[in-house]
Amino acid sequence: KAFTKKSEYGEYANPPLPPYLERTPDKSADQQDGRYVIQDMCYHLLQLYADRSHQLERLLAPTTSTPNQLDYRLSWLVCQMLQALDYTHLSEHHLNSIHAGYIAQL
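Computed from a predicted model, the values in this text were never measured in an experiment. (Residues numbered from 1 in each chain as written. Predicted model: local features only at pLDDT ≥ 70, side-chain atom pairs only at ≥ 80, totals over all residues. Heavy atoms only, no water.)

### Regarding the overall build of the protein
Helices and strands together make up the secondary structure of the protein, namely five helices and zero strands. Shown N-terminal to C-terminal, the secondary structure of the protein runs as helices and strands in the order α-α-α-α-α. Counting across all 106 residues of the protein, residues that qualify as buried make up 35%. (Helix = DSSP H or I, 4+ residues; strand = E, 2+ residues; numbered from the N terminus. Buried < 20%, exposed > 50% of the residue type's maximum accessible area, 1.4 Å probe, protein only.)

What follows is the structure, encoded as C-alpha cells:
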C-alpha cells in the first residue's frame, strides 16, 4: 500500500519497478483501467513468500527483470528453483511457454 494512494498517508514510497523502469520519468504504479503493471521480480518473490498462492505467471514474466520480453533466462531459472521448492501452481501452458522461450534462446 505504500506505493499506492490507498494508505491513510497517501503515496509515500516508490513503486517496486524493475531496474530498467526505475530510470523512466513516469513512475506511476497505478493500475489504470484494470491493466497489469510490471513490478520487480524481487517484489513478486516477497509476495510469494507472504502468500504462497501468489500468481506465478506474474512472477515469471520476463519483463519483471529485463526489458526484453523474449529473454527467459532468469524466468526459467527461477521457475526451476520454485518447482524444486514445491511451488507447483503454475499452469502447464505457462510452464511450457517458459521452457519454449528459454529453448529458443539456446
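Next comes the rest of the account.
### Observations concerning the packing of aromatic side chains
Applying the stated criterion across every chain yields a total of one aromatic pair. Taking 4.5 Å as the distance between ring centres and 10° as the angle between the ring planes, the aromatic pair formed by Trp76 and Tyr102 counts as stacked. A residue pair is termed long-range when its members are at least 10 positions apart, and Trp76 in helix H4 (residues 73–84) and Tyr102 in helix H5 (residues 92–105) qualify at 26 residues. Of note, Arg52 hangs over the ring of Tyr87, and the distance from its end group to the ring centre comes to 4.0 Å. (Phe/Tyr/Trp six-rings, centres within 6.5 Å; stacked < 30°, edge-to-face > 60°. Lys NZ or Arg CZ within 6 Å of the ring centre and 35° of its normal.)

### Concerning H5
In a regular helix each residue adds 1.5 Å, so 14 residues correspond to 20 Å; H5 covers 20 Å between its end C-alpha atoms and thus fits that length. Looking at H5, one finds that the buried residues are Leu95, Ile98 and Gly101. Looking straight down H5, one finds its buried side chains confined to an arc of 130°; they lie on one side. Exposed side chains of H5 directed beyond 90 degrees from the buried face belong to Glu92, His93, Ile103 and Ala104. Where H5 is buried, its residues contact H4. (Expected span 1.5 Å × (residues − 1). Arc of directions from axis to C-beta. Contact = heavy atoms within 4.5 Å.)

### Side note on the packing of H4 against H5
Contact geometry for H4 and H5: axes closest at 9 Å, N-to-C directions at 135°. What the angle tells us is that H4 and H5 run oblique. Note that H4 runs across H5; the crossing there is left-handed. Facing Arg73, Ser75, Trp76, Cys79, Gln80 and Gln83 of H4, the residues of H5 in contact are Leu95, Ile98, His99, Tyr102 and Gln105. Looking at side-chain class alone, the contact of H4 with H5 contains five nonpolar, five polar and one charged residues. (Axes fitted to C-alpha atoms, helices over the stretch in contact; angles between N-to-C directions. Parallel < 35°, antiparallel > 145°, perpendicular 65-115°, else oblique. Left-handed = near helix turned anticlockwise from the far one by under 90°. Nonpolar A, V, L, I, M, F, W, Y, C, P; charged D, E, K, R; others polar.)

### So, the environment of Ser97
Position of Ser97 among the secondary structure elements: in helix H5. It is 9.8 Å that separates the C-alpha atoms of Ser97 and Trp76, two residues lying 21 residues apart in sequence.

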